[in-house]
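A closer look at the structure
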Amino acid sequence: MKKLCMALHRLFQLSSLFRSAVTVTLRRNIGLSAVLFNKAKDLDPVQKLFLDKIREYNTKTKASGGVVEAGPAYQKNLTEEITKLQRLYGGGDLAKFPDFKFPDPKLEEVATK
């Protein structure tokens, strides 16, 4: 009888361990499936419209090779500003990063007494 009680007690302990392991696994799987379900679900209409506009702007930018829907007034203003900057800063290519040169200073030896 004592062995039967010990066996039942041991079985209940194992079942509680098994139950807790199953609970943790189910929580993780439910959490993961909820995330995947939300990603697979359709976007709300405002988000969809926003993403569509971003994609449309991206294709227009690639097609025009620069600023989207820039008219002649924009181009004229841009060239004037570039001319001003070249005049102020001594010309050169403003689209290229400047090349800095720092020569080593010439040091003279000092004789100590």
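Reference entry: report on the structure contained in this document. The shown structure was predicted, so the numbers you read here are calculated from the model rather than taken from an experiment. (Residues numbered from 1 in each chain as written. Predicted model: local features only at pLDDT ≥ 70, side-chain atom pairs only at ≥ 80, totals over all residues. Heavy atoms only, no water.)

Between the first and last C-alpha of helix α2 (residues 45-64) there are 28 Å, a value that for 20 residues agrees with the 28 Å anticipated at 1.5 Å per step. The backbone nitrogen of V46 lies 2.7 Å from a side-chain oxygen of the residue at the head of α2, namely D44. At the exit of α2 stands G65, carrying a positive phi of roughly 75°. (Helix = DSSP H or I, 4+ residues; strand = E, 2+ residues; numbered from the N terminus. Expected span 1.5 Å × (residues − 1). Polar contact = N/O pair within 3.5 Å; in protein donor to acceptor, adjacent residues only side chain to side chain.)

Under the definition given, this model contains 6 salt bridges. The salt bridge partner of K60 is E56, with a shortest N-O separation of 3.4 Å. Placement of the pair is K60 and E56 together in helix α2, with a separation of 4 residues, close to one helical turn. For K60, a relative accessible area of 32% puts it in the partly exposed group. A salt bridge links K60 to E69; the shortest N-O distance between them is 3.2 Å. Three or more residues are tied together by salt bridges with common partners; here these are K53, E56, K60 and E69. (Salt bridge = Lys/Arg side-chain N within 4 Å of Asp/Glu carboxyl O. Buried < 20%, exposed > 50% of the residue type's maximum accessible area, 1.4 Å probe, protein only.)

This part covers the packing of aromatic side chains. Remark: the centre distance and the inter-plane angle together describe each pair of aromatic rings, the angle taken between the planes. One pass over the full model with this rule turns up 2 aromatic pairs. Ring geometry for F97 and F100: centres 6.1 Å apart, planes at 80°, overall edge-to-face. Between F100 and F102 the ring centres are 6.3 Å apart and the planes differ by 20°, which places this aromatic pair in the stacked class. One exposure class covers both F100 and F102, and it is exposed. A network of ring pairs unites the aromatic residues F97, F100 and F102 as a single cluster. (Phe/Tyr/Trp six-rings, centres within 6.5 Å; stacked < 30°, edge-to-face > 60°.)

What is shown is where atoms sit, not what they do.
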